[in-house]
Protein chains: 2
Amino acid sequence: MTDLPPSIDSDRLDRLAEVAVRVGLNLQPGQNLVISASTGTLPLVRRVAAAAYRAGAGLVTPMLTDEAVTLARFTNAGEASFDVAPGWLFDGLAAALDQNTAQMSIRGDDPMLLAEQDPAKVARQGKANSIASRPALERITRFDVNWTVLAYPGTAWARQVFPHLTEEEAVASLAEAIFAASRVNKADPVSAWTAHSAALRARTDWLNGQAFHALHYTGPGTDLTIGLADGHKWQGGSSTSRNGIICNPNIPTEEVFTTPHAQRVDGVVKATKPLAHQGNVIDGIEVRFEAGRIVDARAKSGEDAFKKLISIDDGAARLGEVALVPHSSPISQSGVLFYNTLFDENAASHIALGQCYSECFMQSDLTKEQVASQGGNSSLIHVDWMIGSGEIDIDGLDANGDSTPVMRQGEWAS
Amino acid sequence: MTDLPPSIDSDRLDRLAEVAVRVGLNLQPGQNLVISASTGTLPLVRRVAAAAYRAGAGLVTPMLTDEAVTLARFTNAGEASFDVAPGWLFDGLAAALDQNTAQMSIRGDDPMLLAEQDPAKVARQGKANSIASRPALERITRFDVNWTVLAYPGTAWARQVFPHLTEEEAVASLAEAIFAASRVNKADPVSAWTAHSAALRARTDWLNGQAFHALHYTGPGTDLTIGLADGHKWQGGSSTSRNGIICNPNIPTEEVFTTPHAQRVDGVVKATKPLAHQGNVIDGIEVRFEAGRIVDARAKSGEDAFKKLISIDDGAARLGEVALVPHSSPISQSGVLFYNTLFDENAASHIALGQCYSECFMQSDLTKEQVASQGGNSSLIHVDWMIGSGEIDIDGLDANGDSTPVMRQGEWAS
């Protein structure tokens, strides 16, 4: 294929596609695949399609969006447009997932695409899409099927990450960073992923053995206690989907994560990285939680967008995920700010606003009501948000308040 | 937008987008739009989206396919893949049409994309797609909503049409041909379309007044009697959809057309142009009909593909449309063979194998059973096929066999 900018190495992009299909999805012979991606990532979409068919895929269906079409809406559409979402398309996707279709998302969008657009319209279309896509998102978050998310070095994204380089150099640098973080530079990427998953599994086994009642975070601007959901389970690396297939839902991944208790979060916390959300960069976030809910929120920039985000519904101001990542993780050490959650969340410990992962419980197949009664949060959104750094200490608290060191200065304590 | 090859005039492409939205669809304020297109036509998709939003569209959703992904399937997929189709996506489209969503198709594909692939696999995936898309296609053919089809000068298509030109010259020439045929070179394209529709309406009024029982075609290799469906109605130019919106379903269009009787076609007919179908060019078709059905079929090239096409189901070997186009039509006079039905069908009188248009009856809202009992054909396919030229005479026959000249030497007789 001759569709690739010369700044992206074709061989390693092919290997990324193979890792995505074999490690990320663990796609089974005869299984169908839907790829959600924007047109700017087509070189990788095409390579993934070829790799999936080589692995025996039934049908590969790209579900493509286009950034120029998105922008044409904000530039030209009337007021009423911004509450409309393609429910028929998301419902179709949910139906495909119910038929055991694997799902892949390729991220490579311009993080600043909507930065100059009316934040109210951005929020409204985001909410409309969240509502319409909820049935599909639920099937993903409860791991009905094997799914994965990975990244392609889109041009506008690369320029945002490396603003002082030429376009070609920026794309080349972002491609290198993605290849390194996704472990496709290794001689045998599949074995490298197996070893990495085992290391993450050792961490989750220790944390699950401790069965902490809460985590206590201390650091500059942060003194936060996050209660963990009753019967919570730490996950990391590979996941076993309900269809029995073991997949790696994030490429790259460095995190272990679980479900916090939606009513038991108290204290103050300061974000350690900017949050790129729906075409806006929200920087300098500081919030205070009471009984699980954000009761005070500030940001140095994008405060309005952040406040709109947490007021989408009641669950949007509560936590749905807590994740631990050592400060020495390769992505953190690269020193690159990616303006992209898939990467930045793997550079720092983080929390997520909104919907919890119902698979982060010891008991499988919990009903929605059971998840809620054990403290799992429910929301239209799920937005990750970095609070870790080399200055953060974390302690595990048991039900009596007795404390065990978990992280010191951003590194595993043991 | 800077996405356009220099060989395509941006201003006239903008005007084509405007004509598509205002004349083709007559899109109503608040109405949603789905655009079916391949990624090679994105410059026009983006301009249509902008024009649709300027016209007050609710939401514009591109449903994009990618030729490289299609080809990746034929190159890499296992045997079982070729009977799978994205039913969930077509069902979603049908649901969108049920919600009064307008539909646009942009054609610009490589007519030879699948020419080197196994014809059996091409036929199998074509059949699987036909079955899966039938609910959506039915809503289109019975005009539930306003819809339109238009074209973009894709590179591979342009090279096929103008093989002796450079790529840039070929794209420029195809763009010019599309702009001219689509009437966007006129000072006021919308008025030009209004006048053109009135001229086509005068023809359909005359034909509907005659209420012929059959048409009799004579010419080199052709002696064919096509019975017309009971209560048939000639259509042409604009159509009034069941949602009450007057649209122009084809841009360009030069034809008037109606529903033939599926059991009353007899004689021999010779195609006057090659038929480009699913990545194959079928040339030199000659067939014999008996009681409505093709009983003998030959072709100089692509005979196997043609025979597979007419054996998809019983209705695939019967006629679903008969259309009259004068040999002096602008597209015919351009002398260009487009290898694309949207254009070539407007250069010559033609027939279509397969599904009939249920709106080509005097009585509206006929049930499927009523359509069938009046002679309307039913099939998974609808494939147009050129039988007109400057050497064809056509007579209208009444129920007694009395004859009225309709066309002489390819031109309207009156």
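Keep in mind that this is a model prediction, so the values were computed, not measured.

K.L.:
What's the story with the overall build of chain A in this structure? I'm lost.
P.N.:
A count of helices and strands for chain A gives 12 helices and 21 strands. For chain A, whose C-alpha radius of gyration is 20 Å, the value lies close to the compact-globule estimate of 22 Å for 414 residues. With respect to the three principal axes, the spread of C-alpha positions in chain A is 60 × 50 × 45 Å. Counting all 414 residues of chain A, 59% fall into the buried class. Counting contacts in chain A only where the partners sit at least 6 residues apart, residues at least 24 apart contribute 76% of the total. Total accessible area computed for chain A in this model is approximately 15,100 Å², and 49% of it derives from carbon and sulfur atoms. Put simply, chain A has 33 plus and 49 minus side-chain charges, and the middle of one group is 2 Å from the middle of the other.

K.L.:
Hey, could you run me through the domain arrangement of chain A in this one?
P.N.:
Interface size is often expressed as the accessible area that is lost when the parts come together. Residue and element names in this part refer to chain A. We note that the domain assignment places domain 1 (10-181) and domain 2 (211-412) within chain A. At the interface, 47 residues of domain 1 touch 38 residues of domain 2. At the boundary of domain 1 with domain 2, total buried surface from both sides reaches about 3,500 Å², with 62% on carbon and sulfur atoms. Summed over the three residues of domain 1 that lose the most area to domain 2, namely Arg-134, Thr-141 and Phe-143, the buried surface amounts to 17% of that side. In this assembly, domain 1 and domain 2 are joined by 1 salt bridge.

K.L.:
What is the right way to look at the nonpolar core in this model?
P.N.:
Taken as a class, soluble globular proteins show a tendency for nonpolar side chains to be buried jointly. Counting residues in hydrophobic clusters, the biggest one holds 152 residues, and the most contacted among them are Leu-33 and Ile-106 of chain A together with Leu-33 and Ile-106 of chain B. Among residues more than four places away in sequence, those in contact with Leu-33 of chain A are Leu-25, Leu-27, Val-48, Ala-52, Leu-59, Val-60, Thr-61, Thr-101, Ala-102, Gln-103 and Met-104 of chain A.

K.L.:
When you look at the environment of Ser-379 of chain B in this model, what are you seeing that I'm missing?
P.N.:
Residues and elements named next belong to chain B. Its location among the elements puts Ser-379 in the loop between α12 (368-373) and β18 (382-386). Judged by its relative accessible area of 2%, Ser-379 falls in the buried class. As a C-alpha pair, Ser-379 and Ile-131 span 248 residues in sequence and 9.6 Å in three-dimensional space. Ignoring anything within four residues of it in the chain, the contact list for Ser-379 reads Arg-134, Asp-313, Gly-315, Ala-316, Gly-354 and Gln-355. A distance of 3.0 Å separates a polar side-chain atom of Ser-379 from the backbone nitrogen of Ile-381.

K.L.:
Just checking my understanding: could you explain the packing of helix α3 (residues 67-76) of chain A against helix α2 (residues 42-54) of chain B for this structure?
P.N.:
Packed helix pairs are characterised by how far apart their axes lie and by the angle those axes make with each other. Two elements in contact, α3 of chain A and α2 of chain B, have axes separated by 9 Å at closest approach and are oriented at 20°. Between α3 of chain A and α2 of chain B, the crossing angle belongs to the class labelled roughly parallel. As α3 of chain A runs across α2 of chain B, the sense of the crossing is right-handed. Taking contact as the criterion, the partners of Ala-68, Val-69, Ala-72, Arg-73 and Asn-76 of chain A in α3 of chain A are, on α2 of chain B, Val-45, Arg-46, Ala-49, Ala-50, Tyr-53 and Arg-54 of chain B. Taken together, the residues that form the contact of α3 of chain A with α2 of chain B break down as 7 nonpolar, 1 polar and 3 charged.

K.L.:
Can you walk me through the sheet that holds strand β19 (residues 393-397) of chain B in this structure?
P.N.:
Note on sheets: strands pair through backbone hydrogen bonds, and any given pair is parallel or antiparallel. Residue and element names in this part refer to chain B. Spatially, β15-β14-β11-β6-β5-β19-β20-β21 is the arrangement adopted by the 8 strands of the open sheet, whose pairing is antiparallel. Each of the sheet's edge strands pairs with one partner strand only, and the pair in question is β15 (293-298) and β21 (411-412). The pairing of β19 with strand β20 (residues 403-408) spans 4 bridges and is antiparallel. Within β20, the residue paired with Asp-395 across the bridge is Pro-405. Here helix α8 (residues 189-210) sits on the sheet and contacts β20 and β21; the angle it forms with β20, its principal contact strand, is near 155°. Each of β14 (286-290) and β15 touches helix α9 (residues 303-310); the most contacted strand, β15, lies at about 170° to it.

K.L.:
Would you take a moment to explain the interface of chain A and chain B for this structure?
P.N.:
Contacts between chain A and chain B engage 36 residues on the former and 36 residues on the latter. When chain A packs against chain B, the two sides together hide about 2,800 Å² of surface, and 74% of this comes from carbon and sulfur. Summed over the three residues of chain A that lose the most area to chain B, namely Tyr-53, Val-69 and Trp-88 of chain A, the buried surface amounts to 25% of that side. Put simply, chain A and chain B have 2 salt bridges between them. The salt bridge partner of Asp-66 of chain A is Arg-46 of chain B, with a shortest N-O separation of 2.7 Å. Broken down by secondary-structure element, the contributors of at least two residues to the side of chain A that touches chain B are α2 (42-54), β2 (60-65), α3 and α4 (87-98) of chain A. With 7 residues, the top contributor of residues to the side of chain A that touches chain B is α2 of chain A.

Rules and cut-offs
Residues numbered from 1 in each chain as written. Chains lettered and ligands numbered in written order. Predicted model: local features only at pLDDT ≥ 70, side-chain atom pairs only at ≥ 80, totals over all residues. Heavy atoms only, no water. Helix = DSSP H or I, 4+ residues; strand = E, 2+ residues; numbered from the N terminus. Rg over C-alpha atoms; globule rule 2.2 N^0.38 Å. Buried < 20%, exposed > 50% of the residue type's maximum accessible area, 1.4 Å probe, protein only. Contact = heavy atoms within 4.5 Å. Areas by Shrake-Rupley, 256 points an atom, 1.4 Å probe, with all protein chains shown as cover. Lys, Arg positive; Asp, Glu negative; His and termini not counted. Charge placed at Lys NZ, Arg CZ, Asp CG, Glu CD. Domains from an automatic or database assignment. Buried area = accessible area lost by both parts, 1.4 Å probe. Salt bridge = Lys/Arg side-chain N within 4 Å of Asp/Glu carboxyl O. Core = buried A, V, L, I, M, F, W, Y, C linked by side-chain atoms within 4.5 Å. Polar contact = N/O pair within 3.5 Å; in protein donor to acceptor, adjacent residues only side chain to side chain. Axes fitted to C-alpha atoms, helices over the stretch in contact; angles between N-to-C directions. Parallel < 35°, antiparallel > 145°, perpendicular 65-115°, else oblique. Left-handed = near helix turned anticlockwise from the far one by under 90°. Nonpolar A, V, L, I, M, F, W, Y, C, P; charged D, E, K, R; others polar. Pairing = 2+ DSSP bridges.

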